[in-house]
Amino acid sequence: MEEFYRIRRLPPYVFEQVNRAKAAARNAGADIIDLGMGNPDLPTPPHVIEKLKETLGKPRTDRYSASKGIVGLRRAQAAYYERRFGVKLNPETQIVATLGSKEGFANVAQAITAPGDVVLVPNPSYPIHAFGFLMAGGVVRSVPAEPTPELFSALEKAIIHSIPKPIAMIACYPSNPTAYVASLDFYKDLVAFAKKHEIFILSDLAYAELYFDGVPPPSVLQVPGAIDVTVEFTSMSKTFSMAGWRMGFAVGNERIIAALTRVKSYLDYGAFTPVQVAATAALNGPQDCIKEVRDTYRKRRDALVESFGRAGWDIPPPAASMFAWAPLPEKFRDVGSMAFATLMVEKSGVVVSPGVAFGEHGEGYVRIAMVENEQRIRQAARNIRRFLESGVESLHNVVPLANRR
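Note that the coordinates shown come from a computational prediction; the quantities given were computed from them, not determined experimentally.

Draft legend 1. Up close: helix α12 (residues 337–348). A rise of 1.5 Å per residue sets the reference length of α12, with its 12 residues, at 16 Å; its end C-alpha atoms lie 15 Å apart and thus fit the reference within 8%. Within α12, 10 of the 12 residues are buried, leaving the element largely enclosed by the surrounding structure. Residues Ser-337, Met-338, Ala-339, Phe-340, Ala-341, Thr-342, Leu-343, Met-344, Val-345 and Ser-348 constitute the buried set of α12. Those residues of α12 that are buried are in contact with α2 (16–27), β10 (350–351), β11 (353–354), β12 (365–369) and α13 (374–390). Gly-349 occupies a position one or two residues after α12 and carries a positive phi of about 75°.

This is the structure:
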């Protein structure tokens, strides 16, 4: 039977080949070091756990919650934005809690997209940035991911040649997967561009607190007047190691927040109330835990760059995020990122994400998630060294990219 309409708009699951190799290796008894999925391994801070325990079973907490987020949680998010970015937000009209930033992106696409609407999406990019709009019936036009003057040239060209005119553009800095970081000056130009062409900015700021060189990444909402055209998505997944709790936020432009809130009111009743109360405690409570998380990822980054470099694979040190965006080792450039990532599992027991999974312009790279401790990262480097030294010629199951059909 023919696939359903929305399913036809989704490509085959790009990680399936790597996952099959990972499962086969584990079944054979291999010790797999998984640096593929950006799934935080650090524990949620104790005071957040305690607040959850304290709230469980209290009167009314087992009932339906608030779809847009309980009042205290939205106020806590407003306080965070004022404290961290100097941005004042109205908790009633400019903030909605989401079930993670991924759900927020998917549902804002449902809220604002008409069939055929064009959205400008960085390539490579986190998959939901494109596929949320594709599932909503929109059309995606790729633009470069790096925040440089060339991006604005591409944006101008996309505006001119897109019919109908794009309704929005996605920004994601610090970027997943590339770890690119944007400056406030870049955001000033981006806001000016959006206002000139009357399009919205949808900013993904999930990695705002994971920076390593002393310069906190800005929010686009710090630009005066940005709120006229911008909604920003944040997540507690990485900042507080709360990935499985599924708690995030959309903040900014009242028109889009109202549309997202209305769509969500038909789809969910919000996160479990004790989870929202615990998330409030995270935002309002001691913030030392954020620095500890940041320091942990910085040490892992340094261990990764140093040990992989000694193994013969030079990794550009990311300035932020929990990922390294690594060009394929020279001997494997013609193999392609999917085959290379599969071979990595089979020959070294190390899992990474193929760059092509994040868009065609991710080809030639892999994304390495820093979700193992320093000892395991160094072990991964030792395994990889043996793999790299073997060379392409000794790997019978390698088919160069140019020879594939």
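Draft legend 2. Up close: the packing of aromatic side chains. Under the defined criterion, the tally for this structure stands at 17 aromatic pairs. Note on Phe-186 and Tyr-187: the rings are 5.9 Å apart at their centroids and 55° apart in plane angle, and the pair reads as tilted. Each member of the pair, Phe-186 as well as Tyr-187, is classed as buried. The interplanar angle of 70° and the centroid separation of 5.7 Å between the aromatic rings of Tyr-207 and Phe-323 together place this pair among those described as edge-to-face.

Draft legend 3. Spotlight on the side chain of Arg-74. Residue position: Arg-74 is located in helix α4 (residues 71–85). Within the structure, Arg-74 has its side chain in polar contact with the backbone oxygen of Pro-91 (distance 2.9 Å). Excluding residues that lie within four positions of it along the chain, Arg-74 makes contacts with Lys-68, Gly-69, Pro-91, Glu-92 and Ile-95.

Draft legend 4. Quick look at the sheet that holds strand β9 (residues 323–327). Judged by pairing direction, the sheet is antiparallel, and its three strands sit side by side in the order β9-β12-β11 without closing on themselves. Single-partner strands in this sheet number two, and they are β9 and β11.

Draft legend 5. Geometry of the nonpolar core. The biggest cluster of nonpolar side chains holds 54 residues, and the ones touching the most others in it are Tyr-81, Leu-155, Met-169, Leu-190 and Met-236. Tyr-81 has contacts with Gly-86, Val-87, Leu-89, Leu-205, Ser-219, Leu-221, Glu-232, Thr-234 and Val-251, leaving out every residue within four places of it along the chain. Grouped together as the second largest cluster of nonpolar side chains are 47 residues, Ala-303, Met-322, Ile-368 and Ile-377 included.

Draft legend 6. Highlighting the pattern of salt bridges. The full count for this structure, using the stated rule, is 23 salt bridges. A salt bridge links Lys-53 to Glu-50, with the shortest nitrogen-to-oxygen separation between them at 3.6 Å. Remark: Glu-50 and Lys-53 occur in helix α3 (residues 46–55); sequence separation between them is three residues, near one turn of the helix. Classification of Lys-53 by relative accessible area gives exposed; the value is 52%. In this structure, Arg-74 and Glu-92 form a salt bridge, with 3.4 Å as the shortest nitrogen-oxygen distance. Note that Arg-74 is positioned in helix α4 and Glu-92 in the loop between α4 and β2 (95–98), a separation of 18 residues in sequence. The exposure class assigned to Arg-74 is buried, which follows from its relative accessible area of 4%. What makes Glu-92 partly exposed here is its relative accessible area of 42%. Ionic contacts of the salt-bridge type, sharing partners, join the residues Asp-213, Lys-291, Asp-295, Arg-298, Arg-301 and Asp-302 into one network.

Draft legend 7. Up close: α3. Three or more residues of α3 are buried, namely Val-48, Leu-52 and Thr-55. Mapping the buried residues of α3 onto a view down its axis gives an arc of 70°, with all of them on the same face. For α3, the exposed residues lying more than 90 degrees away from the buried face are Pro-46 and Lys-53. Residues of α3 that are buried make contact with α10 (273–284). After α3 finishes, the residue Gly-57 shows a positive phi value of roughly 80°.

Draft legend 8. How the structure looks around unusual backbone geometry. Cis geometry marks the peptide bond from Ile-163 to Pro-164, where omega comes out at 0°. Mapping Pro-164 onto the fold places it in the loop between α7 (149–161) and β5 (168–172). The phi torsion at Ala-179 lies on the positive side, around 70°, for a residue other than glycine. Secondary-structure assignment places Ala-179 in the loop between β5 and α8 (184–197). Judged by relative accessible area, which is 9%, Ala-179 ranks as buried.

What counts as what
- Residues numbered from 1 in each chain as written.
- Predicted model: local features only at pLDDT ≥ 70, side-chain atom pairs only at ≥ 80, totals over all residues.
- Heavy atoms only, no water.
- Helix = DSSP H or I, 4+ residues; strand = E, 2+ residues; numbered from the N terminus.
- Expected span 1.5 Å × (residues − 1).
- Buried < 20%, exposed > 50% of the residue type's maximum accessible area, 1.4 Å probe, protein only.
- Contact = heavy atoms within 4.5 Å.
- Phe/Tyr/Trp six-rings, centres within 6.5 Å; stacked < 30°, edge-to-face > 60°.
- Polar contact = N/O pair within 3.5 Å; in protein donor to acceptor, adjacent residues only side chain to side chain.
- Pairing = 2+ DSSP bridges.
- Core = buried A, V, L, I, M, F, W, Y, C linked by side-chain atoms within 4.5 Å.
- Salt bridge = Lys/Arg side-chain N within 4 Å of Asp/Glu carboxyl O.
- Arc of directions from axis to C-beta.

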